[in-house]
Amino acid sequence: YVQEELDAATDALDAFGGALHAGVHRARKAMRRTRATLALAGPTLGPGARLIDRAMRKTNRSLSMLRDAQALVDTLDRLREKQQDHHAVHRTLEQARERANDRRNALAQDRACLDQVLEARAVLTTLRAAMSGLPWHSLTKDVLDAGLAHTTCRIVKCTARVADTGSEKDWHAWRRRLRRLSQQYRARTAAGMPGDLSAFDKSLADKMGHLQDLQVLLDYCGDDSPFDEGDREALKGFAQDQLHKQRRRLLSVATATHSTTPPGPPRPVRT
């Protein structure tokens, strides 16, 4: 399964020109799925798995600028669609989308960015070869079940922290843990042990994605924003207001539906 994911990642990074950003997105998703699988196995795969995981995390991050540029355009497209009845907001989002599109196209032609893509592909080819040397035969159903329980425990803890602090860091961690749980169920299914997330978990993950749209927009309203100054302030106010309202609703539903007590003792967290 992980070798197929890494094959998909390297193939995706062969895409240049107009397909570059889509290829980077596919490659980063495949890397996250691979890392989620390594985490599902825990320490069973040994220190080699930790080295591969760290190298893959670094490679994934090296492509974040290209991915973020595309994500911003996609975000503005979705927000424009939702705000068609609010003409002033829609017009501001339209102008911002033009600036974001210019930036995305410029990065797709940037030599340094293209070199990062080529380097990432070379690293992934090496990591795929190294992956076959891990002791996959050591994995058992109990190991995979423990991995899912560990991720679930971390989600419960993240939920409690978000309810307590409301910090951006904790919201981000909560979203990442939910995404990882979904990816681990996908890997477990590939191993012949299918299972489904609950309907609430799926709904929560989807809503987290909508919140991320607003956070992406907010992140681009800082000093190095591609937007005009006037648009930047309007977009910042819009994103903050919507983010606050939606987070408050989401947290209310999540804490009412999910226990904030961890489901049994978690396994030791890898360092």
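Residues numbered from 1 in each chain as written. Predicted model: local features only at pLDDT ≥ 70, side-chain atom pairs only at ≥ 80, totals over all residues. Heavy atoms only, no water.

1. A closer look at empty space enclosed by the protein
All told, the structure shown has 1 cavity of 30 Å³ or more when counted by the stated rule. The wall of the largest cavity is formed by Glu168, Trp171, His172, Arg175, Met208, Leu211, Gln212, Gln215, Leu243 and Arg247. Secondary-structure elements contributing two or more residues to the lining of the largest cavity are α8 (168–190), α9 (199–219) and α10 (229–257). Looking at the lining of the largest cavity, its residues break down into 4 nonpolar, 3 polar and 3 charged. (1 Å grid on protein atoms, 1.4 Å probe; cavity = no way out; pocket = protein on both sides within 12 Å on 5 of 7 lines; lining within 4 Å. Points joined across faces, edges and corners; volume = space filled by probe spheres on them. Helix = DSSP H or I, 4+ residues; strand = E, 2+ residues; numbered from the N terminus. Nonpolar A, V, L, I, M, F, W, Y, C, P; charged D, E, K, R; others polar.)

2. Observations concerning the pattern of salt bridges
With the rule as written, the count across this model stands at 15 salt bridges. The salt bridge partner of Asp77 is Arg80, with a shortest N-O separation of 2.6 Å. A residue pair is termed a helical-turn pair when its members lie 3 or 4 positions apart in one helix, as Asp77 and Arg80 do in helix α4 (residues 64–82) at 3 residues. A relative accessible area of 24% means that Asp77 is categorised as partly exposed. (Salt bridge = Lys/Arg side-chain N within 4 Å of Asp/Glu carboxyl O. Buried < 20%, exposed > 50% of the residue type's maximum accessible area, 1.4 Å probe, protein only.)

3. So, the packing of aromatic side chains
Counted by the stated rule, this structure contains 1 aromatic pair. Ring geometry for Trp171 versus Trp174: centroids 5.3 Å apart, planes at 50°, classification tilted. Of this pair, Trp171 and Trp174 both sit in helix α8, separated by 3 residues, roughly a single helical turn. Accessibility classification places Trp171 together with Trp174 in one group, the buried group. (Phe/Tyr/Trp six-rings, centres within 6.5 Å; stacked < 30°, edge-to-face > 60°.)

4. Observations regarding the nonpolar core
Membership of the largest hydrophobic core comes to 38 residues, with the highest contact counts inside it found for Leu72, Leu76, Trp171, Trp174, Leu217 and Phe227. Counting only elements with at least two residues in this core, the list comes to α4, α5 (87–108), α7 (141–165), α8, α9 and α10. Residues contacting Trp171, with those up to four places away along its chain left out, are Val162, Gly166, Met208, Leu211, Arg247, Leu250 and Leu251. (Core = buried A, V, L, I, M, F, W, Y, C linked by side-chain atoms within 4.5 Å. Contact = heavy atoms within 4.5 Å.)

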